Amino acid sequence: MSGVVVIGIGNVLHRDDGVGIHAVRRLRGSLPQKVELVEGGVLGLDLLPYLEGKEKAVFIDAVDAGEAPGAVFRFSPDQVPRAETPLPVSLHDLGLYDLVGAARLLGQCPREMVVIAVQVKELGVGSDLSPEVEAALPVVCRLVEEELGGAGEGRGKGAPLQ
C-alpha cells in the first residue's frame with residue numbers, strides 16, 4: 001500500500017501519553033515496507049511534511065475520554081467536537097487537530113485519516129506505560145494492521161473497541 005503513514009503521537013516521558021510512540025516501535029518490521037512509520041512525539045506542525053502526498057494517515061495517540069484505562073477507540077479527526085480553548089502560547093502547544101487543520105489549509109491533507117486512541121491511566125513522569133495501557137498495545141497494533149488491509153472500514157467509530 002503506497003502513500004500511507006502511521007504516526008505515533010505523544011510524550012514518552014509522561015507514561016501513558018507515549019502510547020503512540022510505543023505502538024509505532026512495536027509495529028516496526030510487521031508492516032509492508034511501503035508504509036512509513038513515524039515517531040511523531042510532540043512535534044506538532046513539524047509533522048506536516050509526513051502528511052504531504054499521502055492517501056491515508058493513521059494516528060496513534062492517548063486520550064482521556066473518561067473510560068476504563070486501556071480502552072481503545074477508532075475515529076476520524078472530524079468526529080471529535082472541538083472545544084473552545086485558549087490560543088496556544090507557542091507552536092509546541094499545537095496538537096493533532098491543529099496539525100490536521102493546518103494540513104487541510106495547505107492542501108496537504110490525506111484523503112483518509114484515522115485516529116486510534118487509548119484511554120490513559122497515568123501521565124506522571126516516567127517512560128513505562130501503565131499495565132492497562134501496555135495490555136492494549138496488541139489491540140492497537142491489530143487495528144492498525146486492519147486499517148492498512150481495509151478491514152477497518154465501516155467499524156463502529158468512537159466507542160471502545162476492546
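Just so it is clear, the structure is predicted and the values come from calculations on it, not from any experiment. (Residues numbered from 1 in each chain as written. Predicted model: local features only at pLDDT ≥ 70, side-chain atom pairs only at ≥ 80, totals over all residues. Heavy atoms only, no water.)

Student: Tell me about the overall build of the protein, and please be specific about residues and values.
Tutor: Helix and strand content of the protein: four helices and five strands. Mapped in sequence order, the helices and strands of the protein form the string β-α-β-α-β-β-α-β-α. Counting only residues that meet the buried cut, the protein has 46% of its 162 residues in that class. Relative to all contacts within the protein whose residues are 6 or more apart in sequence, the contacts with residues 24 or more apart total 77%. Of the roughly 8200 Å² that the protein leaves accessible, carbon and sulfur atoms contribute 54%. (Helix = DSSP H or I, 4+ residues; strand = E, 2+ residues; numbered from the N terminus. Buried < 20%, exposed > 50% of the residue type's maximum accessible area, 1.4 Å probe, protein only. Contact = heavy atoms within 4.5 Å. Areas by Shrake-Rupley, 256 points an atom, 1.4 Å probe, with all protein chains shown as cover.)

Student: Mind laying out the nonpolar core, listing which residues take part and the relevant values?
Tutor: The biggest cluster of nonpolar side chains holds 27 residues, and the ones touching the most others in it are V6, L27, I60, V72, I116 and V144. A per-element tally of this core places helix 4 (residues 131-149) first, with nine residues. The contacts of I116, once residues within four sequence positions are left out, are V58, F59, I60, D61, V72, F73, V140, L143, V144 and E147. In this structure, A57, A102, M113 and V115 belong to the second largest nonpolar core, which totals 18 residues. (Core = buried A, V, L, I, M, F, W, Y, C linked by side-chain atoms within 4.5 Å.)

Student: Residues and numbers for the side chain of K56, please.
Tutor: Looking at the secondary structure, you find K56 in strand 3 (residues 56-63). Here E147 takes part through its backbone oxygen, which lies 2.9 Å from a polar atom of the side chain of K56. (Polar contact = N/O pair within 3.5 Å; in protein donor to acceptor, adjacent residues only side chain to side chain.)

Student: Break down the pattern of salt bridges for me, citing the residues and quoting the values.
Tutor: Overall, the coordinates contain twelve salt bridges when judged by the stated rule. Here E39 and R25 are joined by a salt bridge, their closest N and O atoms 3.2 Å apart. With E39 in strand 2 (residues 36-41) and R25 in helix 1 (residues 19-27), this pair connects stretches of sequence that are 14 residues apart. K56 is paired through a salt bridge with E112; the nearest N and O atoms lie 3.4 Å apart. Highlighted residues: K56 in strand 3 and E112 in strand 5 (residues 112-119), separated in sequence by 56 residues. Counted as one network, the salt bridges with shared partners bring together K56, R74, E112 and E147. (Salt bridge = Lys/Arg side-chain N within 4 Å of Asp/Glu carboxyl O.)

Student: So what's going on with helix 4? Residues and values would help.
Tutor: Between its first and last C-alpha atoms helix 4 spans 29 Å; for 19 residues at 1.5 Å apiece the expected length is 27 Å, and the two agree. Roughly 30° is the biggest bend found in helix 4, and it falls at L137, with proline P138 one to four residues downstream. Residues V133, A136, L137, V139, V140, C141, L143, V144, E146, E147 and L148 constitute the buried set of helix 4. Residues of helix 4 that are buried in the fold lie against strand 1 (4-9), helix 1, strand 3, strand 4 (72-75) and strand 5. (Expected span 1.5 Å × (residues − 1). Bend = angle between axes of the 7 residues up to and from the residue.)

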